[in-house]
Amino acid sequence: MNAFSNAVAIGVGLILLGVAAALSLYGLAGIPDTWCGAVILSAIAVAVAILVVAFINHDHFAQQHPTLPQIYTPAQWEVYARRFPYLIALPIAAIIIGVVWLMLLSSWAEAGGDRREAALVSVFLLDLALSVSVLVWAGMRMEKYEIENWNREHDPRPQAKARRKKIDRICGAIMLVATILFLAVGFGWMALVNDYKNYLGWRWGWIVYPIAGVLCALVSHLMDNGDEEE
């Protein structure tokens, strides 16, 4: 779980950092659009590679160990439990502060043209990348201590496996719809303004992925609760 949480946090952060780096290079150095795309795709490629390896290894471990004994002492749990609220509250505060300053400086950025806007958004995305990475890492480290949840989620009984497959299919459909919406917003905005160098849709379209993640978590939670009631 330590290795898995590190890899997932780095992979998620790299995607946002790639977009931030591309916008920063465009805003500060004025690099061509093709180079911006190359930076973003390179970051995504590395992030995907990290995530694929991490999830394959994690799935292999889960298949070998569908159930686990309680391996942590109350003292170990207590140490992390004291840190956890700060690991959640501080990144959330950083995101809110970033949104506030993004709104306050939006007029100043618009007055300076596309490059200044890109530079401002890149700073916000850097803040977002670091904050989201910490949130992901903290949440996954918390799961490490929840042995009962692990045993329930990897229950080898046929009905439990069927429920997990159903959740996976629903979440897969949600993420597919999110990707379609992301592409539609990005390309659609360019077509709407008749300017294929306008990246406003791409800058804000990424919001569909956090929403999709929340929906997946909600689906999983509701289906888990329904299974427990049965």
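First things first, this report covers the structure right here in the doc.

1. So, the overall build of the protein
Counting secondary structure elements, the protein contains nine helices and zero strands. Written out in order from the N terminus, the α and β elements of the protein read α-α-α-α-α-α-α-α-α. Projected onto its principal axes, the C-alpha positions of the protein cover 60 × 35 × 30 Å. For the protein, buried positions account for 29% of its 230 residues. Sequence-distant contacts, at least 24 apart, represent 78% of the contacts inside the protein between residues at least 6 apart. Counting 16 positive and 19 negative side-chain charges, the protein places the averaged centre of each group 5 Å from the other.

2. Some details on the side chain of histidine 58
Of note, histidine 58 is situated in helix α2 (residues 33–64). When near neighbours in sequence (up to four residues on either side) are disregarded, histidine 58 contacts Met1, Phe4 and Trp150.

3. With respect to the packing of helix α1 (residues 2–29) against helix α5 (residues 114–145)
For the pair α1 and α5, interaxial distance at closest approach is 7 Å and the crossing angle is 175°. By the angle between their axes, α1 is roughly antiparallel relative to α5. A per-class count over the contact of α1 with α5 returns 23 nonpolar, eight polar and four charged.

4. A word on the environment of tryptophan 35
If you trace the backbone, tryptophan 35 turns up in helix α2. On the basis of relative accessible area, tryptophan 35 is assigned to the exposed category, the value being 56%. For tryptophan 35 and serine 220, which are 185 residues apart along the polypeptide, the C-alpha to C-alpha distance reads 39 Å.

5. Observations regarding the nonpolar core
One finds Phe124, Leu125, Leu128 and Trp206 to be the most contacted residues of the largest nonpolar core, which totals 24 residues. Contributions of two or more residues to this core are made by α1, α3 (74–104), α5, α7 (158–193) and α9 (208–229). Sorting elements by how many residues they give to this core places α5 first, with seven residues. Look past the residues within four positions of leucine 125 in its chain and what remains in contact with it is Leu16, Val19, Ala20, Leu23 and Trp206. The next biggest cluster of nonpolar side chains, apart from the first, holds six residues, and it includes Phe4, Ala7, Val8 and Leu51.

6. Focus: the side chain of lysine 144
Here lysine 144 is to be found in helix α5. The buried charged residue lysine 144 lacks any salt bridge, with glutamate 143 as its nearest oppositely charged partner at 12 Å. Not counting residues up to four positions away in its chain, the partners in contact with lysine 144 are Met1, Asn2 and Tyr72.

7. Examining the environment of serine 5
Among the secondary structure elements, serine 5 is positioned in helix α1. When the C-alpha positions of serine 5 and tryptophan 137 are compared, they lie 5.3 Å apart, and in sequence the two are 132 residues distant. If we skip the residues at most four places from it in the chain, serine 5 touches Trp137, Met140 and Arg141.

8. Some remarks on a nonpolar patch on the surface
A cluster of nonpolar side chains, Ile92, Ile96, Ile97, Val100, Trp101 and Leu104, forms an exposed patch at the surface whose accessible area comes to about 600 Å². Inspection of the secondary structure assignment puts valine 100 in helix α3.

9. Examining the packing of α3 against α5
The interhelical angle for the contact between α3 and α5, taken along N-to-C directions, is 160°, at an axis separation of 9 Å. Between α3 and α5, the crossing angle belongs to the class labelled roughly antiparallel. The hand of the α3/α5 crossing is left-handed. For the contact of α3 with α5, the residue count by class is 22 nonpolar, four polar and two charged.

10. Some words on a positive patch on the surface
On the surface, Lys161, Lys165, Lys166 and Arg169 cluster together to form a positively charged patch. The residue lysine 165 is located in helix α7 in this model.

11. Some thoughts on α3
Compared with an ideal rise of 1.5 Å per residue, which puts 31 residues at 45 Å, α3 spans 46 Å between its outermost C-alpha atoms and is within 8% of the ideal. The sharpest bend along α3 comes to roughly 30°, located at arginine 83, with the proline proline 85 sitting one to four residues further on. For α3, the complete set of buried residues consists of Tyr80, Pro91, Ile95, Gly98 and Leu102. Buried residues along α3 sit in contact with α4 (106–111), α5 and α8 (200–205).

Criteria and thresholds
Residues numbered from 1 in each chain as written. Predicted model: local features only at pLDDT ≥ 70, side-chain atom pairs only at ≥ 80, totals over all residues. Heavy atoms only, no water. Helix = DSSP H or I, 4+ residues; strand = E, 2+ residues; numbered from the N terminus. Buried < 20%, exposed > 50% of the residue type's maximum accessible area, 1.4 Å probe, protein only. Contact = heavy atoms within 4.5 Å. Lys, Arg positive; Asp, Glu negative; His and termini not counted. Charge placed at Lys NZ, Arg CZ, Asp CG, Glu CD. Axes fitted to C-alpha atoms, helices over the stretch in contact; angles between N-to-C directions. Parallel < 35°, antiparallel > 145°, perpendicular 65-115°, else oblique. Nonpolar A, V, L, I, M, F, W, Y, C, P; charged D, E, K, R; others polar. Core = buried A, V, L, I, M, F, W, Y, C linked by side-chain atoms within 4.5 Å. Salt bridge = Lys/Arg side-chain N within 4 Å of Asp/Glu carboxyl O. Patch = residues over 30% accessible without salt bridge, like charges linked within 9 Å, V, L, I, M, F, W, Y side chains within 5 Å. Areas by Shrake-Rupley, 256 points an atom, 1.4 Å probe, with all protein chains shown as cover. Left-handed = near helix turned anticlockwise from the far one by under 90°. Expected span 1.5 Å × (residues − 1). Bend = angle between axes of the 7 residues up to and from the residue.

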